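# Chain and residue survey
Chain residues, written in single-letter form:
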Amino acid sequence: MMTRRSSAKSSAPRSIPNHADLPHGWQWFGKLFIWLIVTRNRRYALRKERKKLPALDSAIETLRCELLKARERGTVHAERVFNVSLFVLLIDRDFAVLSLDMVSSLEKWRLRFTARQVALLLYESCDALTAMLGKDFRDSLAFLGVSESDMKELGEICSRLGKFKSANHQFLYVEVRNLAAGHRAQDSVVFLKTIEHLDHFKVFELGAEFYVIVRLLIDYLTKTMFRIGQTQVVFKQLLALPKFMGSLKSK
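Keep in mind the model is a prediction, meaning the values are calculated, not measured.

## Regarding helix α5 (residues 135–143)
- Residues of α5 that are buried include every one of Phe137, Ser140 and Leu141, and no others. Considered in projection along α5, the buried side chains sweep an arc of 100° and stay on one side of the axis. Among the exposed residues of α5, those oriented more than 90 degrees off its buried face are Lys135 and Phe143.

Right under this line is the structure:
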């Protein structure tokens with residue numbers, strides 16, 4: 001599934017000259033060129049999302065049902081795994097919406113707005129995942145019988161997440177989330193200046209980098225839930241075995 005590093009990065013829009021920078025007689029050509037690029041990007045993104053979204057939406061609904069069942073039964077460890085898995089899929093779903101905006105418009109204010117939403121998603125998701133993938137989650141995985149090699153794999157993903165968070169905290173939290181995305185700058189001039197100077201291409205590149213981590217987590221959690229499911233089936237069969245052996249002896 002992981003040709004995603006390259007595919008995720010390719011979803012970020014590339015810098016295209018503004019038609020206003022062209023000589024006056026060529027500006028109509030610049031407008032046409034930009035319209036063609038935007039139309040092509042949007043069609044490509046829509047085609048890609050049409051293949052992906054039905055399966056993603058179905059997986060979200062399935063996990064919601066499994067999470068609620070686990071919660072009703074009081075199976076804390078299974079609930080925790082389902083909760084983290086659903087959270088990661090919801091991040092993926094938000095990325096699907098924002099990625100379409102990233103590639104389908106080159107209008108200045110729309111790009112700035114999309115970049116602010118992406119930055120907010122990156123910061124909040126990164127912060128939440130750091131907490132959700134901590135000791136309690138690992139204890140639940142251990143209780144459910146996850147192997148040492150799988151725990152090591154999770155550790156590597158969490159390490160990658162931690163490095164991303166540390167490297168980009170100042171930019172995402174201080175410069176974008178607090179001032180631009182969260183509308184926390186009550187000085188309108190400061191707020192406007194922050195928006196105008198926001199490097200949306202940098203935000204989109206960070207989005208592509210973070211999305212690789214999200215896909216790694218989805219692959220890991222999918223594999224883990226499958227193995228846990230297989231283990232639970234075997235465990236149920238083992239529980240039934242003494243009854244079966246007892247019935248044979250009675251015969």
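## Here we look at the packing of aromatic side chains
- Tallying each qualifying case throughout the model produces four aromatic pairs.
- With centroids separated by 6.2 Å and ring planes inclined at 35°, the aromatic side chains of phenylalanine 95 and phenylalanine 210 adopt a geometry described as tilted. Placement of the pair is phenylalanine 95 in helix α3 (residues 76–104) and phenylalanine 210 in helix α8 (residues 200–250), with a sequence separation of 115 residues. Residues phenylalanine 95 and phenylalanine 210 agree in their burial class; the two are buried.
- Measuring from ring centre to ring centre gives 5.3 Å for phenylalanine 95 and tyrosine 211, while their planes differ by 70°; the resulting arrangement is edge-to-face. Of this pair, phenylalanine 95 sits in helix α3 while tyrosine 211 sits in helix α8; the two residues are 116 residues apart in sequence, bridging distant segments of the chain.
- By relative accessible area, phenylalanine 95 is classed as buried at 5%.
- Overall, the relative accessible area of 14% leaves tyrosine 211 in the buried class.
- Joined through ring pairs, the aromatic side chains of Phe95, Phe164, Phe210 and Tyr211 make up one cluster.
- Sitting above the plane of the tryptophan 109 ring, arginine 112 keeps its charged end 5.0 Å from the centroid.

Rules of the game
- Residues numbered from 1 in each chain as written.
- Predicted model: local features only at pLDDT ≥ 70, side-chain atom pairs only at ≥ 80, totals over all residues.
- Heavy atoms only, no water.
- Buried < 20%, exposed > 50% of the residue type's maximum accessible area, 1.4 Å probe, protein only.
- Helix = DSSP H or I, 4+ residues; strand = E, 2+ residues; numbered from the N terminus.
- Arc of directions from axis to C-beta.
- Phe/Tyr/Trp six-rings, centres within 6.5 Å; stacked < 30°, edge-to-face > 60°.
- Lys NZ or Arg CZ within 6 Å of the ring centre and 35° of its normal.

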